[in-house]
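# An overview of the molecular structure
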Amino acid sequence: MSETRIEKYKKYRESLNEVKANSKTSEAIKNREYNVVTDKLNTTSTLPLDEVLGEINEEDETVSRKLITRKRLQIAIIVAAALLLIAGIVVFGVLAWR
C-alpha cells in the first residue's frame with residue numbers, strides 16, 4: 001500500500017534535519033568560507049556600457065543600410081518587370097486587334 005501524505009512529509013522533514021546537521025560541520029563551514037567571493041578574489045573584468053552599446057549600434061547601422069539597399073533593388077526589379085509585362089501586353093493587344 002502507498003504511504004500517506006503525512007508519512008511522506010515526515011520523512012522529508014527528517015531528511016531536511018539531517019541536511020541542516022551536516023551543514024554545521026567544520027568541513028561545510030570551511031567550504032563555505034572558501035567559496036565566498038571577496039574583493040581580492042573578484043577579478044572579473046567588465047566593459048563599459050557605452051562601449052558595448054556603441055558597438056551594437058554600429059553593427060545595426062551597417063546591417064540596416066545593406067537591407068535598405070537590397071529592398072530598394074528588389075522593388076526596382078519588380079517594378080521594371082511589371083512595366084515590361086504591361087508593355088508586352090499592350091503591344092500584343094495592338095497587334096492582335098488592329
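Residues numbered from 1 in each chain as written. Predicted model: local features only at pLDDT ≥ 70, side-chain atom pairs only at ≥ 80, totals over all residues. Heavy atoms only, no water.

It is worth spelling out the overall build of the chain at this point. Helices and strands together make up the secondary structure of the chain, namely three helices and zero strands. Out of the 98 residues in the chain, the part that is buried amounts to 1%. Total accessible area computed for the chain in this model is approximately 10100 Å², and 62% of it derives from carbon and sulfur atoms. (Helix = DSSP H or I, 4+ residues; strand = E, 2+ residues; numbered from the N terminus. Buried < 20%, exposed > 50% of the residue type's maximum accessible area, 1.4 Å probe, protein only. Areas by Shrake-Rupley, 256 points an atom, 1.4 Å probe, with all protein chains shown as cover.)

Attention shifts here to the packing of aromatic side chains. Evaluated as defined, the whole model comprises one aromatic pair. Here tyrosine 9 and tyrosine 12 contribute two aromatic rings whose centre-to-centre distance is 6.5 Å and whose plane-to-plane angle is 90 degrees, an arrangement assigned as edge-to-face. Here tyrosine 12 and tyrosine 9 lie together in helix α1 (residues 5–23), a separation of three residues that amounts to about one turn. Here tyrosine 9 falls in the partly exposed class, since its relative accessible area comes to 41%. What makes tyrosine 12 partly exposed here is its relative accessible area of 47%. (Phe/Tyr/Trp six-rings, centres within 6.5 Å; stacked < 30°, edge-to-face > 60°.)

Note that every value here comes from positions in space, so none of it alone points to a role or purpose.
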